[in-house]
Amino acid sequence: MRNVHIFQVFYNEETKNSLDPGFIPLDNRNNIRPDWREYYPIRNYLKNNTLNEDDLYGFFSPKFRLKTGLSASDCFSFINNHTNDVDIIAFSPLFDLGACFLNTFLQCIAQHPNSRFSIENSLKLINSSLDINELVMHSNNIIFCNYFVAKPKFWKTWLETCELIWSECELNVSLLAKELNSIAEIHDNNAPIKVFVIERIASLLLATSNDWQVKVYDPFKLPFSDAKVSREKSGLIQMDALKIAFANHKRPEYLNLFISIRNLLEKKLST
């Protein structure tokens, strides 16, 4: 058995009462920075606590059970089936949204059209060589909703990367900052674009480095989205497999076939 600390953020009595008793409540009732959603309490914890380098830590939203169907005992059972050399264990739903786009940043742009400028320039801020149209993500490195547990060494890298976005937004002098702080189009909770960028940093770190040992909960046992593409399971599996093959072998034929299948599905769903 390994030491695992999974916190679940709550904002008020209603969300507190909805928490899974197997997780550790993380009190954010003062919620002085609601514009950052869960990033603010996660940031505070990581900055103000000493983490044991051999332990695993996670920070889940109050909607974890709703979005994944998993209980705390499900998570701990899966975690304890893996050896101590694993750095990150992910419980990411929405396989369909990850499979049908080259990466989760393009998926975000499709869902929130006014996020393109913010996303493209945030990637340049993080790493000037990053190209959104060349970044390939798949089910072995995509994490939605920050539903993962990780060793402190990953959290350190994650926080350092997220802080680049934080600093830019808090200064709020550049065009990028103003765009990141603006509200994302087509979202029911009036969330700023920066929230969706932060939510994709873990995936970015995994997709751009082979330094991490990752295990993912079977994505087919977790909920898909309610998008029309979610019904195209065969095509989604093919697209994800092709992206994995490309990531492993760098042969353009895999990526070309992914694009062909995606175009066919897009045409089918638009009719």
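In this text the structure is predicted, and so the values were computed from the model without any measurement.

Peer 1: Please provide a residue-by-residue account of the packing of aromatic side chains, values included.
Peer 2: Taken as a whole and assessed by the stated rule, the structure comprises 26 aromatic pairs. Of the aromatic side chains, those joined through ring pairs into one cluster are Phe7, Trp36, Tyr39, Tyr40, Tyr45, Phe59, Phe148, Phe154, Trp155, Trp158, Trp166 and Trp212. The ring centre of Trp166 lies 3.8 Å from the NZ or CZ of Arg43, which sits over that ring. Sitting above the plane of the Phe101 ring, Arg262 keeps its charged end 4.6 Å from the centroid.

Peer 1: An account of the nonpolar core is needed here, citing residue identities and associated values.
Peer 2: Ranked by size, the top nonpolar core spans 88 residues in total, and within it Phe59, Phe60, Phe91, Phe148, Phe154, Trp155 and Trp158 carry the most contacts. Ranked by residue count, the leading element in this core is helix 8 (residues 152–171), at eight residues. In contact with Phe59, other than residues within four places in its own chain, are Phe7, Leu26, Ile42, Tyr45, Leu46, Asn146, Phe148 and Trp155.

Peer 1: Give me the sheet that holds strand 5 (residues 148–150): which residues, what numbers.
Peer 2: Here six strands make up an open sheet; going across it, the order is 2-1-3-5-4-6 and the pairing mixed. Of all the strands in the sheet, just strand 2 (24–27) and strand 6 (214–216) have a single pairing partner and so form its edges. Taken over all neighbouring pairs, the strand axes of this sheet differ in orientation by 25° on average, direction set aside. Packing against the sheet, helix 2 (residues 39–48) makes contact with strand 1 (4–10), strand 2 and strand 3 (56–60), and its axis sits at approximately 155° to strand 3. Seen against the sheet, helix 8 touches strand 3, strand 4 (88–90) and strand 5 and runs at an angle of roughly 110° to strand 5.

Peer 1: Now, about unusual backbone geometry: what can you tell me, with residues and values included?
Peer 2: Positioned with a positive phi, Asn172 is a non-glycine residue whose angle comes to about 55°. With respect to the helices, strands and loops of the structure, Asn172 is situated in the loop between helix 8 and helix 9 (175–180). On the basis of relative accessibility, which here comes to 32%, the residue Asn172 falls in the partly exposed class. Positioned with a positive phi, Lys250 is a non-glycine residue whose angle comes to about 60°. By the element assignment, Lys250 lies in the loop between helix 12 (233–249) and helix 13 (252–270).

Peer 1: Provide a residue-level description of the environment of Thr161, including the pertinent values.
Peer 2: Topologically, Thr161 is positioned in helix 8. Taking the relative accessible area as the measure of exposure, Thr161 reaches 9% and is therefore buried. For Thr161 and Ile201, which are 40 residues apart along the polypeptide, the C-alpha to C-alpha distance reads 7.5 Å. What Thr161 contacts, discounting residues up to four positions off in sequence, is Ile126, Ile201 and Leu205.

Analysis parameters
Residues numbered from 1 in each chain as written. Predicted model: local features only at pLDDT ≥ 70, side-chain atom pairs only at ≥ 80, totals over all residues. Heavy atoms only, no water. Phe/Tyr/Trp six-rings, centres within 6.5 Å; stacked < 30°, edge-to-face > 60°. Lys NZ or Arg CZ within 6 Å of the ring centre and 35° of its normal. Core = buried A, V, L, I, M, F, W, Y, C linked by side-chain atoms within 4.5 Å. Buried < 20%, exposed > 50% of the residue type's maximum accessible area, 1.4 Å probe, protein only. Helix = DSSP H or I, 4+ residues; strand = E, 2+ residues; numbered from the N terminus. Contact = heavy atoms within 4.5 Å. Pairing = 2+ DSSP bridges. Axes fitted to C-alpha atoms, helices over the stretch in contact; angles between N-to-C directions.

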